[in-house]
Amino acid sequence: MSAPRIEKLPDGLANLADFEPHAQARVDDNAWAYLNGGAADEITRHANRAAWDAIQLQPRVLRDLSGGHTRVTLLGRELLHPVLLAPVAYQRLFHTDGELAIAHAAAAQGAGIVLSAQASVTMESVAAPMLADAAAGPLWFQLYWRDDRDFMRALLKRVEAAGYQALVLTVDAPVHGARDRERRTGFKLPDDIRAVNLGGLKKPLDLKPGQSALFDGLMPRAATWREVDWLRAESRLPLLLKGITHADDAREAVARGVAGVIVSNHGGRTLDTVPATAHLLPAVRAAVDVPVLVDGGIRRGTDVLKAMALGANAVLLGRPYVHALTASGALGVAHALRLLRDELEIAMALSGCKTLADAGPALLWPGSIPESTSR
Ligand SMILES: Cc1cc2nc3c(=O)[nH]c(=O)nc-3n(C[C@H](O)[C@H](O)[C@H](O)COP(=O)(O)O)c2cc1C
């Protein structure tokens, strides 16, 4: 098993945001636009953060919290805490160790990993440290649909053989969002960084004059509910859908045997002006009984606690852990995870919440709970 390099942490890191300037100093404008940008005016990207900030905690005091903990149960497994690293593509763009570094960090800190289909190191090398550590969190593989069933079949076989425990189909990005920052820098992947787990060539678009590349080329190849059924039938692994924002889509997913949904707007990178995930979560939670996870704008232990109080079973962290990776590799990511967990424990202790199973709407100030809760 190759080991990630151990670097010195920058001084004075108090929280996840503190990694960001160190990260920016280590990459070019091209990579920074890709990492930090969102779609269009970035209204959704900002809304994600603002929504967690606007929810207020209502603490209770003098409760006996001895024996409290952050453990949760997810798809039948007990986890030390409810934080997973969200799928983020091409991490060698940010650090030479790329996804290998986050695997070691997550294993050391009991966090889960959802490895991006577009990872820049092999899925087997990421699985090794996670599977070697009994206290590591879940190891899931994220898929983008490719309209080639032989290719998908082979990929699923490899994912299963590598020891991944669930599949996550991302459904909110059949095409790239209109990302202005990337357009301005003319974002392009360097030649030595690629999606190493995705062999084969995508079929070229075969368009007739006057046809739309999007509607006549890409959309006929995009996943629909039919492909969800196909994936369910083709793999023994539980399937989750990432990018669910509507309660009816969550219900449809569950009716088709999906094991869980991730409320996500892709960190504001796909369709701009979608509501914040904190606002979307309650209606999805109310609609289904399967695990519901959420991501987008989670930066603080208090955000994690609020998400759990709104009914999430776990959360995913996106850009902040990549900032930590960029700033100082595996040690940076491990440190970021520890900071977040410490903040969560402090928030629980100070709000009178002994376990996350006890976290519910009563923990939140009524006037600050997103209105869509009652939808
Ligand atoms: C640089 C970057 C690359 C991403 N790549 C993927 C990907 O390959 N697959 C996917 O499902 N989501 C991808 N996402 C979305 C994240 O999984 C996640 O939904 C989002 O980052 C959460 O928001 P946050 O960054 O505010 O925490 C990417 C996000 C970023 C920032």
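None of the values given here were measured: they were computed from a predicted structure.

A.B. asks: Would you mind showing me how to read the site of the ligand here?
C.D. replies: Neighbouring the ligand are 22 residues; P87, S116, T170, D295 and R299 lie closest to it. The separation between a nitrogen atom of the ligand and a polar side-chain atom of Q142 is 3.0 Å. In this structure, a nitrogen atom belonging to the ligand sits 3.0 Å away from a side-chain N or O atom of K242. Within the complex, the protein chains bury 99% of what would otherwise be the 600 Å² of accessible surface of the ligand.

A.B. asks: What should I look at first to understand the environment of R149 in this one?
C.D. replies: Position of R149 among the secondary structure elements: in helix α6 (residues 149-161). Separated by 81 residues in the primary sequence, R149 and W230 place their C-alpha atoms 9.3 Å from one another. Ignoring anything within four residues of it in the chain, the contact list for R149 reads E227 and W230. Side-chain polar atoms of R149 contact the side chain of E227, separated by 3.1 Å.

A.B. asks: How should the sheet that holds strand β7 (residues 239-244) be read in this particular structure?
C.D. replies: Two pairing modes exist for strands in a sheet, parallel and antiparallel, and in both the strands are linked by backbone hydrogen bonds. Pairing is parallel in the closed barrel, where eight strands are placed in the order β3-β4-β5-β6-β7-β8-β9-β10. Neighbouring strand axes in the sheet, compared pairwise and without regard to direction, differ in orientation by 25° on average. Relative to strand β10 (residues 314-317), strand β3 (residues 83-85) runs parallel, the two sharing three bridges. The partner of L85 across the bridge, within β10, is L317. Sheet contacts for helix α13 (residues 319-351): β3 and β10; angle to β3, the most-contacted strand, approximately 165°.

A.B. asks: Teacher, can you tell me more about a nonpolar patch on the surface here?
C.D. replies: Taken together, the side chains of L205, L207, L214, F215 and L218 present a nonpolar region at the surface, about 420 Å² in accessible area. In this structure, L214 sits in helix α8 (residues 213-218).

A.B. asks: Any chance you could explain the packing of helix α4 (residues 98-109) against helix α5 (residues 123-132) here in plain terms?
C.D. replies: Relative orientation and spacing of two packed helices are given, respectively, by the angle between their axes and the distance between those axes. Close contact between α4 and α5 brings their axes to 8 Å; oriented N to C, the two are set at 15°. Relative to α5, the element α4 is oriented roughly parallel. Where α4 crosses over α5, the handedness of that crossing is right-handed. Facing α4, whose interface residues are E99, L100, A103, H104, A106 and A107, α5 presents S125, V126, P129 and M130.

A.B. asks: What should I look at first to understand the nonpolar core in this one?
C.D. replies: Considering soluble globular proteins, one finds that nonpolar side chains tend to be buried as a cluster. The biggest cluster of nonpolar side chains holds 117 residues, and the ones touching the most others in it are I113 and Y164. If one sorts the elements of this core by residue count, α13 sits on top with 15 residues. Those residues in contact with Y164 that lie beyond four places of it in its chain are L115, M123, V126, A127, L139, W140, F141, V159 and L237.

A.B. asks: Help me understand the packing of helix α3 (residues 43-54) against helix α11 (residues 277-287) in this model?
C.D. replies: Between α3 and α11, whose axes approach to 8 Å, the crossing angle comes to 70°. One way to sum up the angle between α3 and α11 is to call them roughly perpendicular. In contact with N48, A51 and W52 of α3, α11 contributes T277, A278 and H279. Across the contact of α3 with α11, the residue classes tally to three nonpolar, three polar and no charged.

A.B. asks: Whenever I open this one, the layout of surface pockets confuses me. Can you help?
C.D. replies: One simple way to see leftover space: roll a probe sized like a water molecule over the atoms. Here the second largest pocket is characterised by a volume of approximately 290 Å³. Only α3 and α13 provide two or more residues apiece to the lining of the second largest pocket. Residue contributions to the lining of the second largest pocket peak at four residues, all from α3. Of the residues in the lining of the second largest pocket, the class split is three nonpolar, eight polar and six charged.

A.B. asks: How do you make sense of α11 when you look at a structure like this?
C.D. replies: Given 3.6 residues to a turn, an α-helix orients residues that are three or four positions apart in the same direction. The buried fraction of α11 amounts to eight of the eleven residues, a majority that puts the element mostly inside the structure. In this structure, the buried residues of α11 make contact with α3, β7, α10 (247-255), β8 (260-263), β9 (292-295) and α12 (301-309).

Rules of the game
- Residues numbered from 1 in each chain as written.
- Predicted model: local features only at pLDDT ≥ 70, side-chain atom pairs only at ≥ 80, totals over all residues.
- Heavy atoms only, no water.
- Near = heavy atom within 4 Å.
- Polar contact = N/O pair within 3.5 Å; in protein donor to acceptor, adjacent residues only side chain to side chain.
- Areas by Shrake-Rupley, 256 points an atom, 1.4 Å probe, with all protein chains shown as cover.
- Helix = DSSP H or I, 4+ residues; strand = E, 2+ residues; numbered from the N terminus.
- Contact = heavy atoms within 4.5 Å.
- Pairing = 2+ DSSP bridges.
- Axes fitted to C-alpha atoms, helices over the stretch in contact; angles between N-to-C directions.
- Patch = residues over 30% accessible without salt bridge, like charges linked within 9 Å, V, L, I, M, F, W, Y side chains within 5 Å.
- Salt bridge = Lys/Arg side-chain N within 4 Å of Asp/Glu carboxyl O.
- Parallel < 35°, antiparallel > 145°, perpendicular 65-115°, else oblique.
- Left-handed = near helix turned anticlockwise from the far one by under 90°.
- Core = buried A, V, L, I, M, F, W, Y, C linked by side-chain atoms within 4.5 Å.
- Buried < 20%, exposed > 50% of the residue type's maximum accessible area, 1.4 Å probe, protein only.
- Nonpolar A, V, L, I, M, F, W, Y, C, P; charged D, E, K, R; others polar.
- 1 Å grid on protein atoms, 1.4 Å probe; cavity = no way out; pocket = protein on both sides within 12 Å on 5 of 7 lines; lining within 4 Å.
- Points joined across faces, edges and corners; volume = space filled by probe spheres on them.

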